[in-house]
Amino acid sequence: MELSETNGRAFKRKAKDSVFTHLFSEPKYLLELYKTLHPEDTEATESDIRDVTIQNVITDNMYNDLGFFVRDTLVILLEAQSTWSPNIVIRVLMYLVQTYNNYFTKNDIDLYANSKVKLPKPEMYVIYTGERKDKKAELSLAEEFFNGATDLQLNVKVKMLYGGQKDIISQYVDFAKVCTDQVRKYGYTRKAIEEILRICIDKDVLAEYLKTREVEIMDIMTTLFDEDEVFRRYSLRVQRELMEQGLQQGLQTGQSHIVQNMYSLGKSFSEIATLTGLTEAQVRDYAQAKR
């Protein structure tokens, strides 16, 4: 892991950005994001924000997570997949610990010193792009994993963001839903990408960003779509070979292996279902089964 930090300027684009990380790598939109979370802070400027996103440099997988400081407050924002999972609380906790560790290292802070260290106040959020229905406004470690225990010595609370307004968070959620709809209609094709951009610009969903960064966004989405198409073809080939062998148990084993690999790489249940042809219920069972 490495710590990427900038102050009031454009961040270096990672080779495998998602639209989420690319959008908020621009200080203008990152400040707009912060002001959506804290409309009462009318004095914040781009120079008050420092990106401390943890970048994945060990493997070639992509992070959709975002971390940044605004003055002495640490804000951690994770893009959730469209499938609901309480495990997001654990992801946030691990991200927070790693970010604090990087903060202490960068600032030469000695945790064994007698004096109390200065600790940035954390705020943790998740953007959920699926259907809200009866989903909770907040997730907590105590509630989700320890039956609401009041004596838990460590608890983590994560605020869920669903959109529904005219702010930049809502626009991102709308963008994600347009992506889902167009992929279902056209598959992982250039036609789908073109329709996503056209529809969002027509509906004024991240329109300025999409129009000024069209070439970069096309490149990002093409890369992501290519990877998903590879996943889909691999899955179908393995399933076909197993079916031809007439091995039902082998088919289920192969499906389970494929699903668990995709899930470990950050694919959501709905994405895996689309790529494999399985139902979301089957995907959930395979993903949560012990290896």
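Basis of the calculations
Residues numbered from 1 in each chain as written. Predicted model: local features only at pLDDT ≥ 70, side-chain atom pairs only at ≥ 80, totals over all residues. Heavy atoms only, no water. Core = buried A, V, L, I, M, F, W, Y, C linked by side-chain atoms within 4.5 Å. Buried < 20%, exposed > 50% of the residue type's maximum accessible area, 1.4 Å probe, protein only. Helix = DSSP H or I, 4+ residues; strand = E, 2+ residues; numbered from the N terminus. Contact = heavy atoms within 4.5 Å. pLDDT = per-residue confidence, 0-100. Phe/Tyr/Trp six-rings, centres within 6.5 Å; stacked < 30°, edge-to-face > 60°. Salt bridge = Lys/Arg side-chain N within 4 Å of Asp/Glu carboxyl O.

Structural notes on the nonpolar core
Phe 24, Leu 33, Phe 68 and Phe 175 are the most contacted members of the largest nonpolar core, which has 40 residues in total. Here this core gets 7 residues from one element, more than from any other, and that element is helix H5 (residues 168-186). Each residue touching Phe 175, except ones within four places of it in the same chain, is listed here: Val 19, Ile 196, Cys 200, Val 205, Leu 206, Leu 210 and Met 221. Formed by 24 residues, the second largest nonpolar core is a distinct cluster that contains Leu 78, Tyr 103, Tyr 128 and Met 160.

Some points on the confidence of the model for the protein
If pLDDT is low for a region, its predicted coordinates should not be looked at in detail. Taken residue by residue, the protein gives an average pLDDT of 79. The fraction at 70 or more is 78%. Within the model, pLDDT remains below 50 along residues 1-17, and this stretch shows 55 contacts once partners closer than five positions in the same chain are excluded. Here residues 56-62 is modelled with pLDDT under 50, and outside its nearest four sequence neighbours on either side it reaches 13 contacts, counting other chains as well.

Description of the packing of aromatic side chains
In the structure shown here, the tally under the stated rule is 8 aromatic pairs. Ring geometry for Tyr 172 versus Phe 175: centroids 6.3 Å apart, planes at 35°, classification tilted. Of the two residues, Tyr 172 and Phe 175 both sit in helix H5, 3 residues apart, roughly one turn of that helix. The pair Tyr 172 / Phe 175 is uniform in exposure class, with both members buried.

Structural notes on the pattern of salt bridges
Here the structure, examined in full by the defined rule, presents 10 salt bridges. Glu 26 is the partner of Arg 213 in a salt bridge, and the nearest nitrogen-oxygen pair spans 2.8 Å. With a gap of 187 residues between them, Arg 213 in the loop between helix H7 (207-212) and helix H8 (214-244) and Glu 26 in the loop between helix H1 (19-23) and helix H2 (27-37) connect regions that are remote in the sequence. With relative accessibility at 25%, the residue Arg 213 sits in the partly exposed group. A salt bridge links Arg 71 to Asp 41, with the shortest nitrogen-to-oxygen separation between them at 2.7 Å. Of the two residues, Arg 71 is situated in the loop between strand S4 (65-70) and strand S5 (73-79) and Asp 41 in the loop between H2 and strand S2 (49-51); the sequence distance between them amounts to 30 residues.

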